[in-house]
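The chain contents come next:
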Amino acid sequence: MVTGSGTATATEDFGTLADGTPVHRWTLERDGTRVRVLTYGGIVQSVEVPDRDGARAGVALGLPDLAGYETFTGPYFGALVGRYANRIGGARFELDGRTHRLTPNEGRNQVHGGARGFDKRVWRAREVAGGVELSLVSEDGEEGFPGRLAVSAAYTLDEGGALRITYRATTDAPTVLNLTNHTYWNLAGDGSGSALGQVLRIAAGRITPADAESLPTGAFLPVAGTRFDFREPEPVGAGYDHNFVLDGTGPAAELYDAASGRVLTVTTTEPGLQLYTADHFDGRPFGPCAGIALETQHFPDSPNRPEFPSTVLRPGEESVSTTVYGFTVR
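For the structure given in this document, a descriptive report is provided here.

Scoring rules and cut-offs
- Residues numbered from 1 in each chain as written.
- Predicted model: local features only at pLDDT ≥ 70, side-chain atom pairs only at ≥ 80, totals over all residues.
- Heavy atoms only, no water.
- Salt bridge = Lys/Arg side-chain N within 4 Å of Asp/Glu carboxyl O.
- Helix = DSSP H or I, 4+ residues; strand = E, 2+ residues; numbered from the N terminus.
- Buried < 20%, exposed > 50% of the residue type's maximum accessible area, 1.4 Å probe, protein only.
- Pairing = 2+ DSSP bridges.
- Phe/Tyr/Trp six-rings, centres within 6.5 Å; stacked < 30°, edge-to-face > 60°.
- Lys NZ or Arg CZ within 6 Å of the ring centre and 35° of its normal.
- Polar contact = N/O pair within 3.5 Å; in protein donor to acceptor, adjacent residues only side chain to side chain.
- Contact = heavy atoms within 4.5 Å.

1. Some details on the pattern of salt bridges
Then step 1. Evaluated as defined, the whole model comprises 20 salt bridges.
Then step 2. Across the salt bridge formed by Glu-12 and Arg-25, the nearest N and O atoms sit 2.9 Å from each other. In this pair, Glu-12 is assigned in strand 2 (residues 7–16) and Arg-25 in strand 3 (residues 22–30), connecting sequence segments 13 residues apart.
Then step 3. Relative accessible area serves as the criterion here: at 36%, Glu-12 is assigned to the partly exposed category.
Then step 4. Its salt-bridge partner being Glu-318, residue Arg-168 comes within 3.6 Å of it at the nearest N-O pair. Highlighted residues: Arg-168 in strand 15 (residues 163–171) and Glu-318 in the loop between strand 28 (312–313) and strand 29 (319–329), separated in sequence by 150 residues.
Then step 5. Using a relative accessible area of 37% as the deciding quantity, one classes Arg-168 as partly exposed.
Then step 6. By sharing partners, the salt bridges in this structure join Glu-29, Arg-34, Arg-36, Glu-48 and Arg-56 into a single network.

Now the structure itself:
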């Protein structure tokens, strides 16, 4: 075990994929927080934090072995999602007068980077101050995306045990990019059943309403007077898979579990947050609403929506995005 910048880190074998590729697991520990990250898919396998009495438990839904992640790919448990998190309508977009056709993997649309997105890649790992940095190269044309993309994600623990994820990317040709982490949170503990009823606040006065294909209509809907109004803390109910337009002031979101006293605070440089309550989990391996995803990201289908913040990345630019997950009790 190595200690740097207050964070203890360790690495171990975590098995091999069906094609024989080895996978490793990194453990980061600091100030009561323990996080485990896999080189497969950049997956956050577990996050353990104490409750108000000091008892530590897992608050992120994860699977015990590599075979589980190869079997249950659809829920994206804890994965690093890219090249484009969320949906691109018609699995196509136009950039600089050229139409790029992507691999559809949700009907006619593409979701979360296509059939073999970043969640299904094995990343290179190296120790950095405070944690581990994962990196890979996505070649021009992968899943239909243009440009050779060099991307990294650093997972580090700040003072107090907050998990910081810093994404960086460069490209050799114009492309689009939208990265996120797809952890499902349950502050009562990852084996405690439904996460519904935990109290959520989101700093967003609008959402981007979606159609029957979960694609944004292009409108901006004020949350006032609707079930999307989490500007003041409210218990989470079922039926959410929506992009919230963050106000950009203070933390993006806060989740609280009264029984344990655990509080999760999310801060981000991203303009949006996708709230997903996992209603469709069928008990394999988790039941409905067993976790709440708070995906910090740009808006769905932005490459086809010029009214949305741009996701275009060009040669000579560097995309940098940071999200911090802080843990406290009350």
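2. Structural notes on the pairing of strand 12 (residues 124–128)
Sheet faces and side chains relate simply in a regular strand, where the side chains alternate between the two faces.
Then step 1. With five bridges connecting them, strand 12 and strand 13 (residues 131–138) associate as antiparallel partners. Residue pairing in the sheet places Glu-127 in a bridge with Val-132 of strand 13.
Then step 2. A loop of two residues connects strand 12 with strand 13, the two strands running antiparallel in sequence, and Gly-130 in this loop sits at a positive phi of about 90°.

3. A look at the packing of aromatic side chains
Then step 1. This model, assessed by the stated rule, comprises 15 aromatic pairs.
Then step 2. Summarising the aromatic geometry, the rings of Phe-220 and Phe-308 are spaced 5.6 Å apart at their centres and angled 70° between planes, so their arrangement reads as edge-to-face. Placement of the pair is Phe-220 in the loop between strand 20 (204–208) and strand 21 (221–222) and Phe-308 in the loop between strand 27 (292–297) and strand 28, with a sequence separation of 88 residues.
Then step 3. Site record: aromatic cluster; members linked through ring pairs are Phe-77, Tyr-184, Tyr-276, Phe-281 and Phe-286.
Then step 4. A cation over an aromatic ring shows up here: Arg-330 above the ring of Tyr-256, its NZ or CZ 4.6 Å from the ring centre.

4. Overview of the side chain of Ser-321
Then step 1. Following the sequence through the fold, Ser-321 ends up in strand 29.
Then step 2. By relative accessible area, Ser-321 is classed as buried at 8%.
Then step 3. Of note is the side chain of Ser-321, whose polar atom sits 2.7 Å from the side chain of Glu-270.
Then step 4. Residues in contact with Ser-321, not counting those within four places in the same chain, are Ile-165, Thr-166, Tyr-167, Thr-269 and Glu-270.

5. Some remarks on unusual backbone geometry
Then step 1. Put simply, Gly-82 and Arg-83 share a cis peptide bond, and its omega is 5°.
Then step 2. Summarising the element assignment, Arg-83 is placed in the loop between strand 7 (80–81) and strand 8 (87–88).
Then step 3. Note the cis peptide between Arg-284 and Pro-285, where omega equals 0°.
Then step 4. With respect to the secondary-structure elements, Pro-285 resides in the loop between strand 26 (272–276) and strand 27.
Then step 5. Backbone geometry at Ala-91 places phi at a positive 50°, although glycine is not the residue there.
Then step 6. Relative to the helices and strands, Ala-91 resides in the loop between strand 8 and strand 9 (92–95).
Then step 7. Positive phi, normally seen in glycine, also occurs at Ser-214, with a value near 65°.

Such coordinate-based values are descriptive only and should not be taken to indicate function.
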